[in-house]
Protein chains: 4
Amino acid sequence: MANSKFEYVRNFEQTDSLLPNTWIVVRVDGRAFTKMCAKYGFEKPNDRRALDLMNAAAKAVVTDLPEAMIAYGVSDEYSFVFHKSCNLFERRASKLVSTIVSTFTANYVYSWPICFPGTPLSFPLPTFDGRAVCYPSLQNLRDYLSWRQVDCHINNLYNTTFWSLIQLGGLDNKEAERILAGTLAAEKNEILFSKFHINYNNEPEIFKKGSVIFRDYELVDPDSHAVALEMDDLAEPLQQSKTQVEKDKKKRAKARVVVEHIDLIKDEFWDKRPWILSNKPGKVPKEP
Amino acid sequence: MANSKFEYVRNFEQTDSLLPNTWIVVRVDGRAFTKMCAKYGFEKPNDRRALDLMNAAAKAVVTDLPEAMIAYGVSDEYSFVFHKSCNLFERRASKLVSTIVSTFTANYVYSWPICFPGTPLSFPLPTFDGRAVCYPSLQNLRDYLSWRQVDCHINNLYNTTFWSLIQLGGLDNKEAERILAGTLAAEKNEILFSKFHINYNNEPEIFKKGSVIFRDYELVDPDSHAVALEMDDLAEPLQQSKTQVEKDKKKRAKARVVVEHIDLIKDEFWDKRPWILSNKPGKVPKEP
Amino acid sequence: MANSKFEYVRNFEQTDSLLPNTWIVVRVDGRAFTKMCAKYGFEKPNDRRALDLMNAAAKAVVTDLPEAMIAYGVSDEYSFVFHKSCNLFERRASKLVSTIVSTFTANYVYSWPICFPGTPLSFPLPTFDGRAVCYPSLQNLRDYLSWRQVDCHINNLYNTTFWSLIQLGGLDNKEAERILAGTLAAEKNEILFSKFHINYNNEPEIFKKGSVIFRDYELVDPDSHAVALEMDDLAEPLQQSKTQVEKDKKKRAKARVVVEHIDLIKDEFWDKRPWILSNKPGKVPKEP
Amino acid sequence: MANSKFEYVRNFEQTDSLLPNTWIVVRVDGRAFTKMCAKYGFEKPNDRRALDLMNAAAKAVVTDLPEAMIAYGVSDEYSFVFHKSCNLFERRASKLVSTIVSTFTANYVYSWPICFPGTPLSFPLPTFDGRAVCYPSLQNLRDYLSWRQVDCHINNLYNTTFWSLIQLGGLDNKEAERILAGTLAAEKNEILFSKFHINYNNEPEIFKKGSVIFRDYELVDPDSHAVALEMDDLAEPLQQSKTQVEKDKKKRAKARVVVEHIDLIKDEFWDKRPWILSNKPGKVPKEP
């Protein structure tokens, strides 16, 4: 029985390859997480178990897809960054997005009982959507990550103050909102400190900075010759040989994937870890 | 602290809305399922538990997204069809694909222990990718579904014969392949019958036809006046009022989502269920 | 000398094929035509020479690209329609748009001295831009053309009244605008008739209806058997053999390309000319 | 009379904005120019009148669209480069491509009688198609231009030798082809010199290098402080204020647009003209 009569329908598939030589960010967002928070009783302003679960899911994505060079997460969102030279799935947008969202979701659901023991999932299950965005320059990419990290800070300072007013100050939502309307950062810090003896600077880094996931190699002295050499690889041509790609993949598989809560906005993070931007695996640190 | 300095990165997001007034098919495919089959010992040529799990995950998608009007699954793939008038997520491709893949994956992982008791999942977890394709005409859409169902038949007849030769006939893979090379359907039927007393027609419908998921309303006499009226809605204009959309959504929520193993190629299926193509909820059948 | 070092830049070209089985409309618009009108002293509200030039340019497009099945023009815009089965330039948007805009522009500039004798062109020359839009259903396509023709009518009635008030009534622009603000069609008709003894119905059809360009075959009795047969070709499958495509192309080359000022909104136009929608060349009418 | 019933067709237009912060190249190509060459008797291997006409048309494009920062032409093709910060037509691909192709075509047809006096155009008129491609990095852009200029050289050396063999050597096409098959550049140079006493290096620069069009400002010492300052503007943020954009536009309008035949591959061209990459108008040179 021939299938040829119907096979013409294949011609309706349209290519969606992302522009070569651009940094790809795939951002995953929780769907209807406000409802989720209520349903499972997430703590306010931050639920450590929920963040740990997000991080576990994101770590699994970075582990399963070694082409993901860095990931940044805050609240119910996670951004995965692919190097501008990356050719994974021929850079097809739907393939990249769906694979990452699926891997993230699978691990989120699978690891739920570990982070929320005693709180079983029920239908409808937690889900995520995703999108891919291209950034042509390194500056654009770093500005994207800075944007997310600044957002984390702004929201966390607001939420910390808001929920302190409610949980410690006994206000209701509307009163808290009114007090905070139009306040600057310094004023929120002041409210926290004067009313509740909370020094915002002492809040946990995971809440203030979000979470950064990457492969851990030996840190590098930014002024060293080695870095200059590595960074040369940022120049074109970008196409690596298949052998080199495979070799690098194996090296990456050996590296430890770590989750840190650390500043991505300043140069320091990037200068010390040139392997991230050069897309060349670094030196695996010696076990202590 | 202002975020405006970095916010320009938003401008790099590009729209990916699918052409209005076209049928949208989102197809979900298992990633590396050959490995999966080996890892978890799926039975050959068909593993009923694996198909039940696929169906459970797909049923959850149709239940959670009432806009999905019909779904068709075979092996490790599932196609979800959205009506040409559907405006879900403003028809953004990445949003549609990622949401469906995420919902599918979440339910696959969550329901795994029910379908595979005693076979716990391990890393890397099963994942799926997805893509969206637009079909401008109803004929194109039906040809797409026919293509998948014919494919199901062709593959199943081949696989049933192939694995009979191995499991019952004691051949190895290469011998079985050689015997089947270039054979027609009739010849495969003959091999099954003469060598192994298997009448292919008596094989389970789920293996021969795959699985069809839809909302179950009262069947309709295709010649009736009601159908003619319903089908008029296939004509333009397609924009429904928001109230009507909400009303229909509620009606759909009440309908039972069923999984059947049934022919989609001939007209009969469609003629009896005009609500599928008209995108208007049918009559909920009385409880027996 | 090898070019291979640089040839990688080819990979940055991205495909832009339009969805198969959809009607393609390429609309060409005059750039900065308000300035053009002033610069070359176009008559108000309609300049017959300018319209004749638009029609000459559009006729050349339809003649040079026999795949253009119908074109509709009004003011400084022209829409060219390609059949849903058309595979010209593999349906690449930029190729279609640029070729049509270029052919249109070349003929506009070339034929200028014929329509505007004594008014030589000067820099910057008149130019046009263009875009391609896909319409999945015949109804969508006809609604598009109706939209343009209704627009023609609305604008022409307004402009005719507006310029009568100025040219015949001695008002200035602002006064004329104020009088017309919020008026219905009937009121504009009334102003024309009572103040200036102009019966709008007697205005030239080219101003009221715009211009329609197509290949002229023998008109057909819409109820005839032949039409039913032809219209069957609107059904799938749409892929014609290459031989048939070539044959049809030759037949089309023989047909006369005509410019008419005629209603496209009602069914009559389409019913009498089934060859337009069937995309099969009709019968060339006998010379009188 | 309301147009709203049909206006929904507007929703079928899809956006085609090019990725921000990437260099845009719009390449225009002659359609069926082999036929054209034969029809109008273009000289072989290069027709100076035809190249002058291409250059006149391209110069008009650069003059009319000051956002075009540089253009490169060879044979029947021309590439127009827009700065990565350019926001002309909101970077809509079809608008950019169609406008450039239209302006090019209008000027080509208009200026034909000047370059080809005594050879009137006839139907079908010469036309061009076009496409837009984005290049994320400056290296990619320069590699694109180098690719075209190397292509110019390769083709011109081949064609010069090929037509010498025919026009001076009395061979026919096939014989000439056979002799050249597989030859290296040095061998072609040798054939030219030994057989026809032609020193390829002495061929006109326009044939060997193609044509480069840009705005002419005072050349700059590449090592100067000024250059370093200018090039800083290559860094982000790229959004200029509207006032600055307007100011720059006026400055550009004053600059002379020049056509040169000059090497684009080496750094020298770019180093001496930092205004091209910085997208800031340079100093208008004093009249001699």
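Model, not experiment: these values are computed from the prediction.

The next point concerns the overall build of chain A. Along the backbone of chain A there are twelve helices and six strands. Referenced to the eigenvectors of the C-alpha coordinate spread, the extents of chain A come out at roughly 65 × 65 × 40 Å. By the burial criterion, 53% of the 288 residues in chain A qualify as buried. A separation threshold of at least 6 residues defines the contact pool for chain A, and within that pool the share at least 24 residues apart is 78%. Total accessible area on chain A is roughly 13400 Å²; 53% of this is exposed by carbon and sulfur atoms. Taking the average place of the 38 positive charges on the side chains of chain A and the average place of its 38 negative ones, the gap between the two points comes to 5 Å.

Mapped onto the elements of the fold, A:Ser102 is located in helix α4 (residues 93-115). Take A:Ser102: its relative accessible area is 0%, and that puts it in the buried class. The spatial distance from the C-alpha of A:Ser102 to the C-alpha of A:Gly282 is 29 Å, given a sequence separation of 180 residues. Sequence-distant contacts of A:Ser102, defined by excluding residues within four places in its chain, comprise B:Val101, B:Thr105, B:Thr127 and B:Phe128.

This paragraph deals with the packing of aromatic side chains. All told, the structure shown has 92 aromatic pairs over all chains when counted by the stated rule. On the basis of an interplanar angle of 25° and a centroid distance of 5.7 Å, the ring pair of D:Tyr78 and D:Phe80 is categorised as stacked. Between D:Phe104 and D:Phe128, the ring centres sit 4.9 Å apart and the planes meet at 75°, which makes this aromatic pair edge-to-face. Residue D:Phe104 is located in helix α4 (residues 93-115), and its partner D:Phe128 is located in strand β4 (residues 128-135); the two are separated by 24 residues in the primary sequence. We classify D:Phe104 as buried; its relative accessible area is 0%. Members of the aromatic cluster, connected to one another through ring pairs, are A:Phe33, A:Tyr40, A:Phe42, A:Tyr78, A:Phe80, A:Phe104, A:Tyr108, A:Trp112, A:Phe116 and A:Phe128. The cationic tip of C:Arg148 hangs over the ring face of C:Trp147; the distance from NZ or CZ to the ring centre is 4.3 Å.

Let us look at helix α2 (residues 33-40) of chain D. Residue and element names in this part refer to chain D. For α2, the complete set of buried residues consists of Phe33, Met36, Cys37 and Tyr40. In a view along the axis of α2, the buried residues occupy a sector of 100°, so they form one face of it. Turned more than 90 degrees away from the buried face of α2 sit Thr34, Lys35 and Ala38, all of them exposed. In this structure, the buried residues of α2 make contact with β1 (23-30), α4 and β4.

Right, let's get into the interface of chain D and chain A. A common way to state how big an interface is: give the accessible area lost once the parts meet. Listed as interface residues are ten residues of chain D and, on the opposing side, ten residues of chain A. Summing both sides of the interface, chain D and chain A together bury roughly 730 Å²; the carbon and sulfur share of this comes to 64%. Linking chain D to chain A there are two residue pairs in polar contact (both at pLDDT 80 or more). Partitioning the side of chain D that touches chain A into residue classes produces four nonpolar, five polar and one charged.

Take the pairing of strand β5 (residues 211-216) of chain C next. Residues and elements named next belong to chain C. Counting buried residues along β5, six of its six residues qualify, which places the element largely inside the surrounding structure. Here three bridges tie strand β2 (residues 68-74) to β5, and the two strands are oriented antiparallel to one another. Counterpart to Tyr72 in the pairing with β5 is Val212.

Here we take up the packing of helix α5 (residues 138-167) of chain D against helix α6 (residues 173-180) of chain D. All names here are of chain D. Their axes nearest at 9 Å, the elements α5 and α6 cross at an angle of 135°. Classified by the angle their axes make, α5 and α6 are oblique. The two elements α5 and α6 meet at a crossing, and its hand is right-handed. Contacts between α5 and α6 involve Tyr158, Thr161, Phe162, Leu165 and Ile166 from the first element and Asn173, Ala176, Glu177, Ile179 and Leu180 from the second. Across the contact of α5 with α6, the residue classes tally to seven nonpolar, two polar and one charged.

The transformation that overlays chain A on chain B combines an axial shift of 0.0 Å with a rotation of 180°, and the residual RMSD is 0.0 Å. Look at the turn and shift together and you get a two-fold axis relating the two. Interface overlap between copies: 100% of the residues of chain A at the interface are likewise at the interface in chain B, consistent with a symmetric, same-surface contact.

Strand pairing in a sheet relies on backbone hydrogen bonds. The paired strands run either parallel or antiparallel. Residues and elements named next belong to chain B. If you trace the six strands from one edge of the open sheet to the other, you get β4-β1-β3-β2-β5-β6, paired in antiparallel fashion. The strands lining the two open edges of the sheet, one partner per strand, are β4 (128-135) and β6 (256-260). The sheet shows a mean angle of 20° between the axes of neighbouring strands, direction not considered. Across six bridges, strand β1 (residues 23-30) lies against strand β3 (residues 77-82) in antiparallel orientation. Residue pairing for β3: Arg27 is matched across the bridge by Ser79.

Let's shift gears to the UniProt feature "binding site: Mg(2+) 1" (unreviewed entry) in chain A. All names here are of chain A. The sites that UniProt annotates as "binding site: Mg(2+) 1" (unreviewed entry) are Asp29, Gly30 and Asp76. These annotated residues cover 48 residues of sequence, but their C-alpha atoms sit close together, with the largest distance between any two at 5.9 Å. Here Gly30 is to be found in strand β1 (residues 23-30). Here Gly30 falls in the buried class, since its relative accessible area comes to 14%.

Before going further, it helps to examine the side chain of C:Thr160. Residue and element names in this part refer to chain C. Along the polypeptide, Thr160 turns up in helix α5 (residues 138-167). Assessed through its relative accessible area of 4%, Thr160 is described here as buried. A polar side-chain atom of Thr160 sits 2.5 Å from the main-chain carbonyl oxygen of Asn156. Apart from residues lying up to four places away in sequence, Thr160 is in contact with Pro45, Leu192, Tyr200 and Glu203.

Time to look at the relation of the copies chain D and chain A. Of the two same-sequence chains, chain D is brought onto chain A (RMSD 0.0 Å, axial shift 0.0 Å) by a rotation of 180°. A shared binding surface is used by both copies, with 100% of the interface residues of chain D retained as interface residues in chain A.

With that settled, the discussion passes to the UniProt feature "binding site: GTP" (unreviewed entry) in chain A. All names here are of chain A. If you check UniProt for "binding site: GTP" (unreviewed entry), the listed places come out as Ser75 and Asp76 in our numbering. Structurally, the position occupied by Ser75 is in the loop between β2 (68-74) and β3 (77-82). With residues up to four places along the chain from it excluded, the contact list for Ser75 reads Leu51 and Met54. Polar contacts involving the side chain of Ser75 include one to the side chain of Asp76, which spans 3.5 Å.

Criteria and cut-off values
- Residues numbered from 1 in each chain as written.
- Chains lettered and ligands numbered in written order.
- Predicted model: local features only at pLDDT ≥ 70, side-chain atom pairs only at ≥ 80, totals over all residues.
- Heavy atoms only, no water.
- Helix = DSSP H or I, 4+ residues; strand = E, 2+ residues; numbered from the N terminus.
- Buried < 20%, exposed > 50% of the residue type's maximum accessible area, 1.4 Å probe, protein only.
- Contact = heavy atoms within 4.5 Å.
- Areas by Shrake-Rupley, 256 points an atom, 1.4 Å probe, with all protein chains shown as cover.
- Lys, Arg positive; Asp, Glu negative; His and termini not counted.
- Charge placed at Lys NZ, Arg CZ, Asp CG, Glu CD.
- Phe/Tyr/Trp six-rings, centres within 6.5 Å; stacked < 30°, edge-to-face > 60°.
- Lys NZ or Arg CZ within 6 Å of the ring centre and 35° of its normal.
- Arc of directions from axis to C-beta.
- Buried area = accessible area lost by both parts, 1.4 Å probe.
- Polar contact = N/O pair within 3.5 Å; in protein donor to acceptor, adjacent residues only side chain to side chain.
- Nonpolar A, V, L, I, M, F, W, Y, C, P; charged D, E, K, R; others polar.
- Pairing = 2+ DSSP bridges.
- Axes fitted to C-alpha atoms, helices over the stretch in contact; angles between N-to-C directions.
- Parallel < 35°, antiparallel > 145°, perpendicular 65-115°, else oblique.
- Left-handed = near helix turned anticlockwise from the far one by under 90°.
- Least-squares fit on C-alpha atoms with pLDDT ≥ 70 in both.
- UniProt positions renumbered as here; feature names shortened; annotations may be inferred.

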